Amino acid sequence: MEGRQIRAVLAFVSICCVSFQIRASDPILYESFDESFEGRWIASEKDDYKDSLSAPLNAQIIWVNQTVDVRVPIDTTGLLTQGFFKFDINSQTFYSFWICLWEHSKSEGHDDYGLLVSEPARKYAIVKELDEAVSLKDGTIVLQFEVRLQNGLECGGAYLKYLRPQDAGWKPTEFDNNAPYSIMFGPDKCGSTNKVHFILQHKNPKSGKYVEHHLKYPPSVPSDKLSHVYTAILKPDNEVRILIDGEEKKKANFLSAEDFEPPLIPAETIPDPNDKKPEDWDERAKIPDPNAVKPDDWDEDAPMEIEDDEAVKPDGWLDDEPEEIDDPDASKPEDWDDEEDGEWEAPKIDNPKCAIGPGCGEWKKPMKRNPAYKGKWHAPLIDNPAYKGIWKPQQIPNPEYFELDRPDFEPIAAIGIEIWTMQNGILFDNILIASDEKVAESYRDTTWKLKFEVEKEKHKAEEAASSLSDGLSGLQKAVFDALYKIGGLPFLSAYKAQIHDLIEKGEKQPNLTIGILVSIVVVVLTVFFKILFRGKKPVVNVTETKNEVAAETSDNQGSSAEKEDEKEDENEAAAAAPRRRPRRDT
């Protein structure tokens with residue numbers, strides 16, 4: 001009998017222990033956003049955080065909620081309904097209303113929903129009240145949430161504020177950047193700022209003021225557009241650990257002056273604010289020697305450089321040649337209008353004669369350093385006999401100093417997102433508060449990790465495709481450079497203009513590269529076979545070629561095949577007209 005009672009008691013104790021463990025492993029708060037946030041999250045109604053619209057003509061607001069639907073049906077009661085707004089269409093009064101800028105949206109590429117920042121270059125504020133305030137003083141507390149920067153983050157925040165109870169002086173509908181919080185945690189990036197914030201607002205028991213204590217040297221924000229999970233673990237031994245994607249990035253101690261700025265525990269002494277430096281206090285360690293005299297031969301007016309009198313003009317110096325000349329290959333554009341564009345002038349190029357000789361233009365003696373130059377005289381410095389050192393105010397006891405064994409955390413009564421951002425597409429998801437690190441790890445594995453792996457693989461595929469595209473672009477550039485060199489070969493001078501035209505079209509339309517390459521190869525082979533089997537020389541001078549073609553036409557009245565050759569020669573001559581190749585970016 002007693003054995004059965006003992007077994008029953010042990011079974012009851014085991015059930016209680018299991019129940020306690022299950023309950024202990026449950027999260028304190030979990031927000032998955034699987035369902036719409038309306039009714040659970042409250043958007044701030046302050047002007048900085050909302051978008052205003054004008055009510056329809058002759059409409060009066062009868063009832064209003066915080067969101068709007070774009071549909072505008074007219075119901076049978078004679079009321080105009082726009083989402084959750086109802087207007088009396090018989091009223092002559094004008095009203096305005098506002099719409100919510102937050103959206104319940106899927107993460108790109110997933111069926112998973114989150115809370116989305118819908119518009120760029122705006123301020124956002126929304127808050128969720130907790131059923132019960134969460135104490136940070138008892139045991140371990142884990143704060144965790146996901147953020148996906150779907151359009152990147154150039155300038156803006158994506159952090160959460162863990163707010164104090166409302167008796168601290170705030171209301172959900174008036175939530176703004178001044179709302180008192182206990183902890184602020186999450187990404188922030190703009191300009192030189194790139195950090196995952198961890199800020200603690202802590203009350204000084206002596207002054208009664210709340211002070212922001214910033215984690216020193218916080219981790220950086222991941223620079224990609226993938227989902228990332230941010231975790232802050234607060235331990236009862238004053239340790240705080242920051243994890244990104246489950247990997248520890250920072251470990252700190254709340255009471256260490258090396259880890260938080262300013263330190264939670266103030267300095268024991270401070271400079272006396274009423275102490276003033278005496279008028280006769282001399283902080284100069286060195287002074288000019290009052291007994292020093294400038295030497296008689298010290299010339300302060302001597303120039304730093306003088307002409308080199310020993311220099312001789314090099315032999316072959318081209319005094320009459322300018323350093324630059326008009327580009328002989330340049331020609332006035334066909335669409336140049338002298339009246340509108342002014343008189344056309346050829347661009348300048350370096351005079352090639354100057355590169356051959358020692359130089360061009362008027363020769364002048366070079367300058368050299370003046371050996372007599374000494375600059376302005378200054379008396380040498382000596383030790384200051386009146387030097388007292390750098391003055392500092394005396395130290396006095398700090399009236400706000402206190403000692404602390406553990407931070408006096410304020411409880412968390414709500415979670416708020418209050419940010420300003422230049423990018424939209426910021427998606428918040430899977431917000432968690434737990435008392436067990438393993439619970440947070442379990443949620444990371446089941447809610448974040450699978451999504452991240454999918455996104456990472458897609459990102460790798462896109463990078464590989466981009467690398468292939470960049471490789472093709474580099475290859476195409478090399479091909480075009482080679483084609484320009486081929487087009488400049490002497491035996492192709494008659495076809496230079498046509499070849500350059502083809503290459504320019506290929507540069508504008510890279511997808512035509514293969515076709516253009518084939519066309520140029522055909523031209524090269526055609527000319528090559530002409531030279532090989534007919535001994536034909538390429539045309540160089542337009543005028544001479546035309547004369548030769550005319551003479552050949554008058555002297556040769558042979559077969560129709562010969563006439564065709566003559567006609568072809570004329571076309572080649574016309575194509576030989578000089579054409580300036582446009583400058584290409586290198």
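Once a new chain begins, its residue numbering starts again from 1 and follows that chain's sequence as written. This being a predicted model, a pLDDT of at least 70 is required before a residue's local features are given, and a value of 80 or more before pairs of side-chain atoms are given or counted; all residues contribute to the totals for chains, interfaces and linings. Working from all heavy atoms in the structure, the side-chain values ignore hydrogens and water.

Thoughts on the overall build of the protein chain
And then number 1: Helical segments are the DSSP runs of H or I of at least four residues, strand segments are the runs of E of at least two, and each set is numbered from the N terminus. Tallying secondary structure elements over the protein chain gives 8 helices and 30 strands in all.
And then number 2: Each residue gets one of three labels from its accessible area relative to the maximum for its type: buried under 20%, exposed over 50%, partly exposed in between, using a 1.4 Å probe on protein chains only. Looking at the 586 residues of the protein chain, the share that counts as buried comes to 34%.
And then number 3: Contacts are assigned to residue pairs with any non-hydrogen atoms lying within 4.5 Å of each other. Within the protein chain, contacts between residues separated by at least 24 positions form 74% of all contacts whose residues are at least 6 apart in sequence.
And then number 4: Computed with a 1.4 Å probe, the accessible areas rest on the Shrake-Rupley method; for each residue, only the protein chains presented here act as cover. Just so you have it, the protein chain exposes about 36000 Å², and 52% of that area is on carbon and sulfur atoms.

A closer look at a negative patch on the surface
And then number 1: Together, Glu 334, Asp 335, Glu 339, Glu 340 and Asp 341 line one region of the surface with negative charge.
And then number 2: Position of Glu 339 among the secondary structure elements: in helix α2 (residues 338-341). Patch members must show over 30% relative accessible area and no salt bridge, and they are joined within 9 Å when carrying like charges or within 5 Å when they are nonpolar side chains of Val, Leu, Ile, Met, Phe, Trp or Tyr. One side-chain nitrogen of Lys or Arg within 4 Å of one carboxyl oxygen of Asp or Glu is enough to make a salt bridge. Note on charges: Lys and Arg go in the positive column, Asp and Glu in the negative column, and His and the chain ends are not counted at all. Each charge is placed at NZ for Lys, CZ for Arg, CG for Asp and CD for Glu.

Here's the deal with the state of the cysteines
And then number 1: When two cysteine sulfur atoms lie within 2.5 Å, the pair is treated as a disulfide. Tallying each qualifying case throughout the model produces 2 disulfides.
And then number 2: The disulfide partner of Cys 155 is Cys 190, and the gap between their sulfur atoms is 1.7 Å. Note on the Cys 155 and Cys 190 pair: the S-S dihedral is about -75°, so by sign convention the disulfide is left-handed. Here Cys 190 lies in strand β14 (residues 181-190) and Cys 155 lies in strand β12 (residues 155-157), a separation of 35 residues in the sequence.
And then number 3: Residue Cys 354 pairs covalently with Cys 360 via a disulfide, S to S 1.9 Å. Given an S-S torsion of about -120°, the disulfide between Cys 354 and Cys 360 has left-handed geometry. The burial state of Cys 354 is the same as that of Cys 360; both residues are buried.
And then number 4: Disulfide partners in the protein chain, listed by the sequence order of the bonded cysteines, are 1-2, 3-4.

Examining the environment of Glu 35
And then number 1: Within the fold, Glu 35 resides in the loop between β1 (29-31) and β2 (42-43).
And then number 2: With a relative accessible area of 60%, Glu 35 lands in the exposed category.
And then number 3: Remark: the alpha-carbon pair of Glu 35 and Gly 114, spanning 79 residues in sequence, is separated by 9.0 Å.
And then number 4: The contact partners of Glu 35, leaving out residues within four places of it in the chain, are Arg 40 and His 104.

Points about the nonpolar core
And then number 1: We define the nonpolar core as a collection of buried residues of types Ala, Val, Leu, Ile, Met, Phe, Trp, Tyr and Cys that are connected through side-chain atoms lying within 4.5 Å of one another. Trp 102, Tyr 162, Phe 185, Phe 198 and Phe 428 are the most contacted members of the largest nonpolar core, which has 63 residues in total.
And then number 2: Ranked by residues supplied to this core, first place goes to strand β10 (residues 122-134) with 6 residues.
And then number 3: Once you skip the residues sitting within four places of it in the chain, Trp 102 turns out to touch Phe 37, Ala 43, Leu 115, Leu 116, Val 117, Tyr 124, Ala 125, Ile 126, Ile 417 and Phe 428.

Quick notes on the packing of aromatic side chains
And then number 1: Centres within 6.5 Å are what make two rings of Phe, Tyr or Trp a pair, Trp counting through its six-membered ring; a difference in plane orientation under 30 degrees is then read as stacked, over 60 as edge-to-face, and the rest as tilted. Evaluation of the coordinates by the stated rule reveals 12 aromatic pairs.
And then number 2: A ring pair is formed by Phe 254 and Phe 260, whose centres lie 5.4 Å apart and whose planes are at 20°; its orientation type is stacked. With respect to burial, Phe 254 and Phe 260 carry one shared label: buried.
And then number 3: Through a chain of ring-to-ring contacts, three or more aromatic side chains come together here, namely Phe 145, Phe 185, Phe 198, Tyr 230, Phe 254, Phe 260 and Phe 409.
And then number 4: Sitting over the ring of Tyr 210, Arg 164 keeps its end group 3.7 Å from the ring centre. Throughout this description, the term charge over a ring refers to an Arg CZ or Lys NZ atom that lies within 6 Å of the ring centre and within 35 degrees of the ring normal.

A short note on the confidence of the model for the protein chain
And then number 1: One confidence number per residue, pLDDT, is output by the predictor and ranges from 0 to 100. Here the protein chain averages 80 in pLDDT, while 73% of its residues score no lower than 70.
And then number 2: Note that pLDDT drops below 50 for residues 13-24; the model gives that stretch 1 contact with residues more than four away or on any other chain.
And then number 3: In this model, residues 535-566 is a region of pLDDT below 50 whose contacts with residues beyond four sequence positions or in other chains number 30 contacts.

Observations regarding the pattern of salt bridges
And then number 1: Tallied over the entire structure, the rule returns 28 salt bridges.
And then number 2: Notably, a salt bridge pairs Arg 40 with Glu 31, separated by 2.2 Å at the nearest N-O pair.
And then number 3: Given a relative accessible area of 28%, Arg 40 falls into the partly exposed group.
And then number 4: The buried category is assigned to Glu 31, whose relative accessible area is 4%.
And then number 5: The partner of Arg 241 in a salt bridge is Glu 437, and the shortest N-O contact between them spans 3.0 Å. Separated by 196 residues along the polypeptide, Arg 241 in strand β18 (residues 239-244) and Glu 437 in helix α4 (residues 437-487) bring together distant segments of the chain.
And then number 6: The exposure class of Arg 241 is buried, given its relative accessible area of 17%.
And then number 7: Judged by relative accessible area, which is 25%, Glu 437 ranks as partly exposed.

Here's the deal with the side chain of Lys 451
And then number 1: Of note, Lys 451 is situated in helix α4.
And then number 2: Excluding residues within four positions of it along the chain, Lys 451 makes contact with His 110, Asp 112, Glu 146, Asp 429 and Asn 430.

Notes on the side chain of Arg 164
And then number 1: Structurally, Arg 164 is set in the loop between β13 (160-163) and β14.
And then number 2: Polar contacts involving the side chain of Arg 164 include one to the main-chain carbonyl oxygen of Tyr 181, which spans 3.4 Å.
And then number 3: Not counting residues up to four positions away in its chain, the partners in contact with Arg 164 are Trp 170, Pro 180, Tyr 181, Ser 182, Gln 201, Tyr 210, Glu 410, Pro 411 and Ala 413. Any pair of nitrogen or oxygen atoms within 3.5 Å is treated as a polar contact; in protein, a donor-acceptor pairing is required on top of that, and neighbouring residues in sequence qualify only through side-chain atoms on both sides.

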